[in-house]
Amino acid sequence: MKVKASYHRLDPTWCNGCGLFGVFDALKRAAVALAIEPEELVIVTGIGCHGRLNNYFRAYGFHGLHGRTMPVATGIKLVNPGLQVVAVSGDGDAYSIGLGHFLHALRKNVGLTYIVVDNRIYALTQGQASPTTDFGMVTMSTPVGSKDYPIDGPSLALAAGGTFIARGFSGEVAHLASLIERGMKHDGFALIDVLSPCVTHNKLNSYDWYKKHILHVEEVPGYSPRAKAKAWEALNDPEKIAVGLIYEEDKPSFEELVLPDREKPIASLDLKVDVPRLGKIMDGFR
Amino acid sequence: MLSNWPTPEALEWTSQDERSMIKDLAVMIAGKAGDGVLFTGNVLAKVLKRHGWEIVTSRDFPSNIRGESTCYTVRASLDKIYGLSDQVNILLAFDCEAILAHLPEIAANGIVFCDGQGMTTPPPEQTLGRTFHRFSLRALAREQFGQEIFKNVIALGALSYVLDLDASLLDGIISEMFLKRKGEEVVRKNVQAARFGYDKAREITAETERHPLAKKADDDQVLISGNEAIGLGALAAGCRYFAAYPICPATEIWQWLVHYLPGFGGAVVQTEDELAALNMTLGASFAGARAMTSTSGPGASLMMEAFSLAGMAEIPAVIAHVQRMGPATGMPTKSQQGDVLQWIFGSHGEFPRIVLAPGTVGECFELTVRAFNLADKYQCPVIILTELDMGQNFRTTRAFDFSGVRIERGKLLSTGELLGTADFKRYEITADGISPRSLPSWKNGVHLAESLEHDEKGYRDEDPLNRRRMMEKRMRKLDQASPDFCAPQVWGCQKAEVGFIGFGSTLGAILEAVEQLRAKSVPSRFLQLRTLWPFPAAEVRAFLAESRDIFVVEHNFSGELATLIKSQVSPCAELNNILNYSTLPFTPREIVEPVLRSRR
């Protein structure tokens, strides 16, 4: 029996009201729901305010380089597919410096849960425009308003062949936790994009602003996350930001395709030197 | 372990004159990319190897699939050889252009076969004893066998005649190559074409032109490239995860491993770029695999970021870097030694790293095995630095000794040990700087692999005192490590005024130069560095003290090794550079001449 305290290492020191508190709580709730041992959970983070998560969450962790969560998490998952590997990034980490890695891990359908905490700003570096910052928004790096059109992670994921695409809101922790839980259970790559206010550097996209703009797809009559066209429509709604499980499909995971035997993880192979077998390979060079 | 090559004392040098008694010979196949030069050269090398001869091959090819000039040299010797000689004895050219390009290299009694419309014998003052034969390989292949592609096997048959090789050896290799993939009929036709080439050569050459080679017992030899040897070393060392992005000239390591790793329970993953390749290697290693990546110039630059992460988070990683010509995209199919300082001083911040530089294919295997043990023991990145010349060319060596391979995982705890640990600290400050490791899923071992400065448990810590202690802990890991490294090897004469220093695949040309100088009564010695970092300062200092004229031989423009020596040995003797930044590897002559000039 696990409780949230099983995963609690330290009280976070994010700014009061930061959306990351909701993500922290939701991740713990999902772990409790799935009764994951802290030792069986690996959290891989990138660089940004979200990257502090590893300090607060009790589990194995890897806090690597800016934008590189995906390859690190892929390496871990393939070597020990029994682990629950959750990667956490910010919008800069996932959709700017790490965009290439994100799309490739997604297209490989590696069994990772990828939580992208999108606050539409570079917060740790004190408020520059990010790839999801609204067009025209004034930030530290865009004093006359951003001239870049924002990109949308879930839309990219849908176009690139994602097999589990969800969006949550850090102001709705229980809902977010259920999405993370479902993502963890998904055999393949699960993207959970999280609308997450930065109360210090982004005064525009506040909790109230999000509450006014989100639309729960599960409340849309006839919506099915199995229908790609509907998912596309929901993501392209000009008025509303779709949240919920937007799209899901079954496809073999990368581990299933490339590992000789998922029951015999690479991490615990006996590396004993098989002299006769290697000798036979050597004979090919005679 | 490190005993695959003969000791310097065991090397009996032969003089150039004795060599002309066909104890040593080089055959060049030349043509255009797409002509089958590679196939023909590879088969010839294998035939000669099975004849019992020592082999070194060298390819000069464009970064292009078809149409541009390419050549393949096979040097064979009864003695142990590591590099090419200065001469080519037989040139088999698929077009006339190749003759003009390579005429200066053809030995005085050399023989040239050429398939070309414009083929005429050069004027006598240019032939200097060489004989020239028009050999219409393409036309003959079409006439006799219906397809031009048979020209390669016809050429091989002809060479078998000229070299007086046992024809059954060629037949055997043809059968090995084609039987499984293409069936009996293809084998039969190719054997026929080889016979045809053999007879044709007898028809067009005089008996006196033959360069008969003695057959010798094979003596447990294999013919292998540096890249394959690294792959085999990785497999033997327990590497079970390999991630890489395609790049010339390193890809063969991966292309070789991809056939074997799954059978050993491992995985090979093609990544989207080299940033991912090294980060993925680190993820896999963190989770417990012996993991590796390989790359070359531009890829190595992309890896610099994660290289630093491996240093900070203390994650074992093995990176094979097969150097090619830079800067930028440079010349992807040409060899160079221009990326040495990048790995020794490169990336942001300061952290321990180990750079190994094999000089023979045997060392490619042995140092790769060692690289994995060093990476685990010192929990840091280990670079195996080679060059295209070593990586892609084939050399004979004694079959590798797998029974000598030991897998040493350093302070990686067992799950039992971990359970008995009261307060596990992944980055515990220890006397030797090396801390215990646990793996994800292990009870009692929860920790954070952290790229930020961290405390002993891996959690972010910006305390000034902690920073100092952590820097000192990491940086002292290699302080006592020297017994684990491959010490430099001294080759050549016991006492000599002339001393060469070098590393990697220049070894072959340097040893040839040592021999040629000895024949001219100039004794010399060669200090081969096999570990470039941590720098073997004591051995280099001693060698400098014992030599009068020092020549640092490098395949680069600025003398990176000499720069390194000067930075690590102080005061430092005067170093003369012998540098080559051309597209071709060193010839022995290019090393001998500056030495002789300096003594005039």
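Everything quoted here is computed from the prediction, not taken from an experiment.

Draft legend 1. Focus on the overall build of chain B. A tally of helices and strands in chain B yields 21 helices and 22 strands. Rg of the C-alpha trace for chain B: 26 Å, near the compact-globule value of 25 Å for 600 residues, within the 12% margin. Expressed along its principal axes, the backbone C-alpha trace of chain B runs to roughly 85 × 60 × 40 Å. Counting every position in chain B, which comprises 600 residues, the buried fraction comes to 64%. Intrachain contacts of chain B at a sequence separation of at least 6 include 75% that bridge at least 24 residues. Split by element, the accessible area of chain B, about 21700 Å² in all, is 51% carbon and sulfur.

Draft legend 2. Focus on the sheet that holds strand S18 (residues 498-503) of chain B. Residues and elements named next belong to chain B. Read across the open sheet, the five strands follow the order S17-S19-S18-S21-S22; overall the sheet is mixed. Each end of this open sheet is capped by a strand with a single partner; those strands are strand S17 (489-492) and strand S22 (575-579). Pairwise comparison of adjacent strand axes, ignoring direction, gives a mean angle of 25 degrees for this sheet. Across the sheet, helix H18 (residues 507-519) touches S17, S18, strand S19 (524-529) and strand S21 (549-554), and the angle it forms with S19 is around 165 degrees.

Draft legend 3. Layout of unusual backbone geometry. Between Gly 326 of chain B and Pro 327 of chain B the backbone carries a cis peptide bond, its omega angle lying at -5 degrees. Summarising the element assignment, Pro 327 of chain B is placed in the loop between strand S11 (317-325) and strand S12 (331-335). Across the junction of Trp 533 of chain B and Pro 534 of chain B, the peptide omega takes the value 0 degrees, indicating a cis bond. In this structure, Asn 109 of chain A is a non-glycine residue whose phi angle is positive, near 60 degrees. Residue placement: Asn 109 of chain A occurs in the loop between helix H5 (99-108) and strand S4 (113-118). With relative accessibility at 2%, the residue Asn 109 of chain A sits in the buried group.

Draft legend 4. Region of interest: the sheet that holds strand S6 (residues 190-195) of chain A. Spatially, nine strands are ordered S7(A)-S8(A)-S5(A)-S6(A)-S4(A)-S3(A)-S1(A)-S2(A)-S16(B) in an open sheet, and the strand pairing comes out mixed. Where the open sheet ends on each side, the last strands, each with one partner, are strand S7 (214-216) of chain A together with strand S16 (448-450) of chain B. Going across the sheet, the axis of each strand differs from the next one's by a mean of 20 degrees, ignoring polarity. Pairing between strand S1 (residues 41-45) of chain A and strand S2 (residues 60-63) of chain A: four bridges, direction parallel. When the bridges of S2 of chain A are listed, Ile 43 of chain A appears paired with Gly 61 of chain A. The strands touched by helix H7 (residues 173-185) of chain A are S1, strand S3 (84-90), S4, strand S5 (164-169), S6, S7 and strand S8 (241-248) of chain A; relative to S5 of chain A, the strand with the most contacts, the crossing angle is about 160 degrees.

Draft legend 5. Quick look at the state of the cysteines. Residues and elements named next belong to chain A. The tally for this structure, following the rule as stated, stands at zero disulfides over all chains. Here Cys 18 stays unpaired: no disulfide links it, and the sulfur of Cys 15, its closest cysteine neighbor, is 6.2 Å away. In this structure Cys 198 is a free cysteine whose sulfur lies 6.4 Å from that of Cys 15, the closest cysteine sulfur available. Accessibility expressed as a relative area gives 8% for Cys 198, which makes it buried.

Draft legend 6. Highlighting the packing of helix H2 (residues 37-50) of chain B against helix H6 (residues 151-162) of chain B. Residues and elements named next belong to chain B. It is at 10 Å that the axes of H2 and H6 come closest, and there the two elements cross at 35 degrees. The handedness of the crossing between H2 and H6 is right-handed. Together, Phe 39, Thr 40, Val 43 and Leu 44 of H2 and Asn 152, Val 153, Leu 156 and Leu 159 of H6 make up the contact between the two elements. The residue inventory of the contact of H2 with H6, partitioned by class, reads six nonpolar, two polar and no charged.

Draft legend 7. Fine view of the packing of aromatic side chains. Counted under the stated rule, the structure contains 30 aromatic pairs over all chains. Judged by centre distance (5.6 Å) and plane angle (65 degrees), the ring pair of Phe 345 of chain B and Trp 533 of chain B falls under edge-to-face. Within this pair, whereas Phe 345 of chain B is found in helix H13 (residues 340-345), its partner Trp 533 of chain B is found in strand S20 (residues 531-533), the two being separated by 188 residues in sequence. We classify Phe 345 of chain B as partly exposed; its relative accessible area is 46%. Judged by relative accessible area, Trp 533 of chain B falls into the buried class, the value being 18%. Pairing Phe 500 of chain B with Phe 551 of chain B gives two aromatic rings, centres 6.0 Å apart and planes at 45 degrees, and the pair type is tilted. With Phe 500 of chain B in strand S18 and Phe 551 of chain B in strand S21, the pair connects residues that are 51 residues apart, well separated along the chain. An aromatic cluster of at least three residues, connected via ring pairs, comprises Tyr 7, Trp 14, Phe 21, Phe 24, Tyr 56 and Phe 57 of chain A. One Lys or Arg, Arg 9 of chain A, reaches over the ring of Tyr 459 of chain B and ends 3.2 Å from the middle of that ring. Lying over the aromatic face of Phe 94 of chain B, Lys 151 of chain B brings its terminal NZ or CZ to 4.8 Å of the ring centre.

Draft legend 8. The arrangement of the domain arrangement of chain B in detail. According to the domain assignment, chain B consists of domain 1 (23-213), domain 2 (226-392), domain 3 (411-484) and domain 4 (487-598). For domain 1 of chain B versus domain 3 of chain B, the separation of C-alpha centres amounts to 58 Å.

Draft legend 9. Quick look at the pairing of strand S8 (residues 239-244) of chain B. Residues and elements named next belong to chain B. Counting buried positions over the six residues of S8 gives six, a clear majority of the element. For S8 and strand S10 (residues 290-295), the ladder comprises three bridges, and the chain directions are parallel. Bridge assignment links Cys 239 to a residue of S10, and that residue is Arg 290. Two strands pair when backbone bridges link them, and S8 and strand S9 (residues 267-270) are joined in this way by four bridges, in the parallel orientation. Considered in S9, the bridge of Ala 243 is made with Val 269. Read as a crossover between parallel neighbours, the route from S8 over helix H10 (residues 251-257) to S9 is right-handed.

Criteria and thresholds
Residues numbered from 1 in each chain as written. Chains lettered and ligands numbered in written order. Predicted model: local features only at pLDDT ≥ 70, side-chain atom pairs only at ≥ 80, totals over all residues. Heavy atoms only, no water. Helix = DSSP H or I, 4+ residues; strand = E, 2+ residues; numbered from the N terminus. Rg over C-alpha atoms; globule rule 2.2 N^0.38 Å. Buried < 20%, exposed > 50% of the residue type's maximum accessible area, 1.4 Å probe, protein only. Contact = heavy atoms within 4.5 Å. Areas by Shrake-Rupley, 256 points an atom, 1.4 Å probe, with all protein chains shown as cover. Pairing = 2+ DSSP bridges. Axes fitted to C-alpha atoms, helices over the stretch in contact; angles between N-to-C directions. Disulfide = S-S within 2.5 Å. Left-handed = near helix turned anticlockwise from the far one by under 90°. Nonpolar A, V, L, I, M, F, W, Y, C, P; charged D, E, K, R; others polar. Phe/Tyr/Trp six-rings, centres within 6.5 Å; stacked < 30°, edge-to-face > 60°. Lys NZ or Arg CZ within 6 Å of the ring centre and 35° of its normal. Domains from an automatic or database assignment. Right-handed = clockwise from strand over helix to strand, strands pointing away.

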